[in-house]
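Structural overview for review
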2 protein chains.
Amino acid sequence: MAHATAARQGAQTSPEDHADLEDLVGYNLKRAYVIVDADFRRALGEDGLAPRVFSALSLIVHIPDITQSDLARRLGIERSGLVAITDDLEARGFVIRQPVPGDRRVQALAATKAGKAAYLEALQTVRAHEARLLSDLSPAEAETLVGLLRKIRQIGD
Amino acid sequence: MAHATAARQGAQTSPEDHADLEDLVGYNLKRAYVIVDADFRRALGEDGLAPRVFSALSLIVHIPDITQSDLARRLGIERSGLVAITDDLEARGFVIRQPVPGDRRVQALAATKAGKAAYLEALQTVRAHEARLLSDLSPAEAETLVGLLRKIRQIGD
DNA sequence: GGTTGATTGTTTCTACGGTTAACAATATAG
DNA sequence: CTATATTGTTAACCGTAGAAACAATCAACC
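Residues numbered from 1 in each chain as written. Chains lettered and ligands numbered in written order. Predicted model: local features only at pLDDT ≥ 70, side-chain atom pairs only at ≥ 80, totals over all residues. Heavy atoms only, no water.

1. Notes on the protein's contact with DNA strand D
- Near DNA strand D lie 22 residues; those nearest to it are Arg104 of chain A together with Gln68, Ser69, Arg79 and Arg105 of chain B.
- The sugar-phosphate share of atoms of DNA strand D within 4 Å of the protein amounts to 69%.
- One of the backbone N or O atoms of Arg104 of chain A is found 2.6 Å from a phosphate oxygen in DNA strand D.
- At the level of elements, strand S2 (103-111) of chain A together with helix H4 (68-75), helix H5 (79-91) and strand S2 (103-111) of chain B are the ones that each hand at least two residues to the surface near DNA strand D.
- Residues that form the surface near DNA strand D fall into these classes: 4 nonpolar, 7 polar and 11 charged. (Near = heavy atom within 4 Å. Polar contact = N/O pair within 3.5 Å; in protein donor to acceptor, adjacent residues only side chain to side chain. Helix = DSSP H or I, 4+ residues; strand = E, 2+ residues; numbered from the N terminus. Nonpolar A, V, L, I, M, F, W, Y, C, P; charged D, E, K, R; others polar.)

As structure tokens, this is what we get:
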């Protein structure tokens, strides 16, 4: 409808005038993501697992002999990006690449004993980090948030 | 057909077995952010404004003669990071750096007529992108989501 | 059974967003 | 007037990621 002339006003800045940005989901999503991501890294320390490495390890622990391609699909990233992640985990001794009898292209990923232990410890740390960071949200709110985020994620599939 | 060899999809991983990751706010936040960010860029096109540039332009339009330092603070990034953003906007003819009488260190940022027009157009595009992308969420849900994300943002301040 | 097409892991290149540390110019406080 | 702080800026660097290419391997199929 009547969209006023482009360069109109803009003179005085009333508080709710910035509302544009503040009301956008994307903007708030990004700002929140940056904060949570930074705190995650702080929580896991200088040489701790990066978020994406932690995520990969989680899936490897839970899905024995998962393939890198499959893992990439589940994480929503490219196959090529998984090489560095796997290298990282292998260098730490948390994961090994195992040849798969029957298909010599594939290398199944398996968590070592150390990998499983490290995962469980990291998981504790991550849970503590989230509990601390999200202490302003009630459990119900946190659950709601996760549910809504999943709805958005779903679109990407 | 499916040989039941080692590559077989992980010895029946029950769905709730991955729950670790799926229940973490950070993981879901990141996945959702990636999707929204990618769609934002797609919506604004190859040579369109990047998300951060759009955000900066929005604040410049709404807050006349804002300072780069102030803008950085409001966007939650470093001063140094704003130089490239401002360069971008200036190269497009959307913003000019103006000397401020009284303090020769500062250069106030002002949106040009073209900048204001471009912002309004981009805003329409962005709103359409969000409406499309978030069509699975009811308006109430979207509002709830923004509210919860703001609560997280608040922590960072 | 040999050709065609797809898949897997990988490397290399590129791009982007962002931080840190330094710096010169300028302003402010004591 | 000196010491300190602030502003915009540059340069070096890191982390994440995608795209494109490639060799090895597998599957299809005629």
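2. Regarding the interface of chain A and chain B
- If you look at the interface, chain A gives 59 residues, while chain B gives 60 residues.
- Of the roughly 6000 Å² buried at the junction of chain A and chain B (both faces included), carbon and sulfur atoms supply 65%.
- Taken together, the connections running from chain A to chain B amount to 10 salt bridges.
- Across the pair Glu22 of chain A and Arg153 of chain B runs a salt bridge whose closest N-O atoms are separated by 2.9 Å.
- The set of elements that each furnish at least two residues to the side of chain A that touches chain B consists of helix H1 (19-22), helix H2 (25-44), helix H3 (51-62), helix H4 (68-75), helix H6 (113-133) and helix H7 (139-155) of chain A.
- Among the residues forming the side of chain A that touches chain B, the class breakdown is 31 nonpolar, 12 polar and 16 charged. (Contact = heavy atoms within 4.5 Å. Buried area = accessible area lost by both parts, 1.4 Å probe. Salt bridge = Lys/Arg side-chain N within 4 Å of Asp/Glu carboxyl O.)

3. What to know about the relation of the copies chain A and chain B
- In screw terms, the move from chain A to chain B is a rotation of 180° and a rise of 0.0 Å along the axis, fitting with an RMSD of 0.0 Å. Between the two chains, the operation in question is that of a two-fold axis. Identified as the residue of chain A closest to the rotation axis by C-alpha distance is Leu145 of chain A, at 3.2 Å.
- Mapped onto chain B, 92% of the interface residues of chain A again fall at the interface, so both copies present the same surface. (Least-squares fit on C-alpha atoms with pLDDT ≥ 70 in both.)

4. Description of the pairing of strand S1 (residues 95-100) of chain B
All names here are of chain B.
- Here 6 bridges tie S1 to S2, and the two strands are oriented antiparallel to one another. Looking at the pairing, Val100 lines up with Asp103 of S2.
- Remark: 2 residues form the turn of the hairpin made by S1 and S2, two consecutive strands paired antiparallel; Gly102 in that turn has positive phi of roughly 110°. (Pairing = 2+ DSSP bridges.)

5. A word on the protein's contact with DNA strand C
- Neighbouring DNA strand C are 22 residues, the closest being Gln68, Ser69, Arg79 and Arg105 of chain A together with Arg104 of chain B.
- Contact distances for DNA strand C include 2.8 Å between a phosphate oxygen and a side-chain N or O atom of Gln68 of chain A.
- Ser80 of chain B is positioned with one of its side-chain polar atoms (N or O) 3.0 Å from a base oxygen of DNA strand C.
- If you list the elements that add at least two residues to the surface near DNA strand C, you get H4, helix H5 (79-91) and S2 of chain A together with S2 of chain B.
- Here the surface near DNA strand C is composed, by residue class, of 4 nonpolar, 7 polar and 11 charged.

6. What about the pattern of salt bridges?
- Evaluated as defined, the whole model comprises 28 salt bridges over all chains.
- As a salt-bridge pair, Asp20 of chain A and Arg127 of chain B come within 3.4 Å of each other at their nearest N and O atoms. Residue Asp20 of chain A is located in helix H1, and its partner Arg127 of chain B is located in helix H6 (residues 113-133); the two belong to separate chains.
- Classification of Asp20 of chain A as buried rests on a relative accessible area of 15%.
- Residue Arg97 of chain B pairs with Asp87 of chain B through a salt bridge whose shortest N-O separation is 3.0 Å. Residue Arg97 of chain B is located in strand S1, and its partner Asp87 of chain B is located in helix H5; the two are separated by 10 residues in the primary sequence.
- With relative accessibility at 37%, the residue Asp87 of chain B sits in the partly exposed group.
- The structure contains a network of salt bridges with shared partners spanning Glu22 and Asp23 of chain A together with Arg150 and Arg153 of chain B. (Buried < 20%, exposed > 50% of the residue type's maximum accessible area, 1.4 Å probe, protein only.)

7. Topic: the environment of Asp39 of chain A
Residues and elements named next belong to chain A.
- Along the chain, Asp39 falls in helix H2.
- Separated by 94 residues in sequence, Asp39 and Leu133 have C-alpha atoms that sit 7.8 Å apart.
- Among all residues touching Asp39, those that are not within four sequence positions of it are His129, Arg132 and Leu133.

8. Thoughts on the packing of aromatic side chains
Residue and element names in this part refer to chain A.
- Evaluation of the coordinates by the stated rule reveals 5 aromatic pairs over all chains.
- Measuring from ring centre to ring centre gives 5.8 Å for Phe40 and Phe54, while their planes differ by 65°; the resulting arrangement is edge-to-face. Linking Phe40 in helix H2 with Phe54 in helix H3, this pair joins segments that are 14 residues apart in sequence.
- The exposure class assigned to Phe40 is buried, which follows from its relative accessible area of 8%. (Phe/Tyr/Trp six-rings, centres within 6.5 Å; stacked < 30°, edge-to-face > 60°.)

9. Section: the side chain of Glu130 of chain B
- Mapped onto the elements, Glu130 of chain B comes out in helix H6.
- Ignoring anything within four residues of it in the chain, the contact list for Glu130 of chain B reads Leu24, Val25 and Gly26 of chain A.

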